[in-house]
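Architecture at a glance
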Amino acid sequence: MAATVELAHLRSARCAVRPPFEAGAVEGENLVDMIKEDLIAERVAIETYRDLVRYFADKDPTTRTLLERILAQEEEHANDMHDLLVSHEGRPMLD
Ligand SMILES: [Fe+2]
């Protein structure tokens, strides 16, 4: 029961920090702007998950492990956006 509640909370937290691009709410006027906005959103999500991992730390290792997996996915998304920027503009914008 407790695990189910924790998973429900995690699912809610994941929806709350889902980047706008994933939610279909990108406002960029062109592809490069959209990629830049998504990269910013991915980095916000990464920082949020890092905070959550630190919060759960030793309090709830199972939840921390789940959050670390999500964090790894978000880091992959940010890397993908970075690579897209480099391929479209020849350089990253946010480093
Ligand atoms: Fe993402």
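Small disclaimer: the values here were computed from a predicted structure and weren't measured.

Overview of the nonpolar core
Residues I35, L39, A41, A45, I46, Y49, L52, L67, A78, M81 and L85 constitute the largest nonpolar core, which totals eleven residues. Elements with a minimum of two residues in this core: α3 (31–56) and α4 (61–89). Not counting residues up to four positions away in its chain, the partners in contact with Y49 are L67, I70, L71 and E74.

Focus: the confidence of the model for the protein
When pLDDT is averaged along the protein, the result is 80, and 68% of the positions lie at 70 or above. For the stretch residues 1–6, pLDDT sits under 50, and the model shows one contact to residues farther than four places along the chain or on other chains.

Focus on α4
In a regular helix each residue adds 1.5 Å, so 29 residues correspond to 42 Å; α4 covers 41 Å between its end C-alpha atoms and thus fits that length. For α4, the set of buried residues is T63, L67, E74, A78, M81 and L85. With its phi angle positive at about 85 degrees, G90 sits one or two positions after the end of α4.

Structural notes on unusual backbone geometry
Although it is not a glycine, A57 adopts a positive phi angle of roughly 25 degrees. For A57, the position within the fold is in the loop between α3 and α4. A residue is classified by how many C-beta atoms lie within 10 Å of it, and A57, with 11 of them, is exposed.

Considerations on the environment of H82
Looking at the secondary structure, you find H82 in helix α4. When the C-alpha positions of H82 and L39 are compared, they lie 7.0 Å apart, and in sequence the two are 43 residues distant. Excluding anything up to four places from it in sequence, H82 contacts L39 and P92.

With respect to α3
Each α-helix turn comprises 3.6 residues. Residues three or four places apart therefore point the same way. The end-to-end C-alpha distance of α3, which contains 26 residues, comes to 37 Å, matching closely the 38 Å that a straight helix rising 1.5 Å per residue would cover. Within α3, the full set of buried residues consists of I35, K36, D38, L39, A41, E42, A45, I46, Y49 and L52. A57 occupies a position one or two residues after α3 and carries a positive phi of about 25 degrees.

Reading guide: rules and limits
Residues numbered from 1 in each chain as written. Predicted model: local features only at pLDDT ≥ 70, side-chain atom pairs only at ≥ 80, totals over all residues. Core = buried A, V, L, I, M, F, W, Y, C linked by C-beta atoms within 7 Å. Buried ≥ 20, exposed ≤ 12 C-beta atoms within 10 Å, placed from the backbone. Helix = DSSP H or I, 4+ residues; strand = E, 2+ residues; numbered from the N terminus. Contact = placed C-beta atoms within 7 Å. pLDDT = per-residue confidence, 0-100. Expected span 1.5 Å × (residues − 1).

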